[in-house]
Amino acid sequence: MGKEEWKNTGKELGGAFTGLAKSLIRSAKTGIDKVEDWAEEDTNQQQPQEEESNVFNDGTWRETGKNLGKAFMGLGKTIVGTGEEALEKAEEWAENDDDNKPEE
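Please read all numbers here as calculations on a predicted model, not as lab measurements. (Residues numbered from 1 in each chain as written. Predicted model: local features only at pLDDT ≥ 70, side-chain atom pairs only at ≥ 80, totals over all residues. Heavy atoms only, no water.)

Chemist: Sorry if this is basic, but what is going on with the nonpolar core here?
Modeler: It is characteristic of soluble globular proteins that their nonpolar side chains tend to be buried jointly. Within the largest apolar cluster, five residues are counted, these being Leu13, Ala16, Leu68, Ala71 and Leu75. Among the elements of the structure, helix H1 (3-40) and helix H2 (60-99) are those that each provide at least two residues to this core. In this structure Ala16 touches Asn67, Leu68 and Ala71, once residues within four positions along its chain are discounted. (Core = buried A, V, L, I, M, F, W, Y, C linked by side-chain atoms within 4.5 Å. Buried < 20%, exposed > 50% of the residue type's maximum accessible area, 1.4 Å probe, protein only. Helix = DSSP H or I, 4+ residues; strand = E, 2+ residues; numbered from the N terminus. Contact = heavy atoms within 4.5 Å.)

Chemist: What's the story with the pattern of salt bridges in this structure? I'm lost.
Modeler: Where charged atoms of side chains with opposite charge meet at close range, the side chains can pair. By the definition in use, this model includes two salt bridges. Measuring nitrogen to oxygen at the nearest pair gives 2.9 Å for the salt bridge that ties Lys29 to Asp33. A residue pair is termed a helical-turn pair when its members lie 3 or 4 positions apart in one helix, as Lys29 and Asp33 do in helix H1 at four residues. The partly exposed category is assigned to Asp33, whose relative accessible area is 24%. (Salt bridge = Lys/Arg side-chain N within 4 Å of Asp/Glu carboxyl O.)

Chemist: So what exactly am I meant to see when it comes to the environment of Gly10 here?
Modeler: In this fold, Gly10 is placed in helix H1. The class of Gly10 is partly exposed, set by a relative accessible area of 40%.

Chemist: Just checking my understanding: could you explain the side chain of Thr30 for this structure?
Modeler: With respect to the secondary-structure elements, Thr30 resides in helix H1. For Thr30, a relative accessible area of 8% puts it in the buried group. Ignoring any residue separated from it by four or fewer positions in sequence, one finds Thr30 in contact with Asn54, Val55 and Phe56.

This is the structure in structure tokens:
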């Protein structure tokens, strides 16, 4: 695991968090719109409203969850790969250190 893997992991995480931020903002906007509709509605007239496409029913949150899951899985793999490489380097260092010890 080198610099390139960490760079790709960072890009995946950045994209996932961007998607999360957009979903949160769209959710807040949808909620505000619903509150405005409720506040402006005439209590004497109840007109059926069409279900509009919004962040709650258009699959945005599902996609956001998938992207976050993928990004965190990539992060986990990168961390594990880096740990494995570190262990290999430590083993090499230990073996080389044993070879350089003076005999007693």
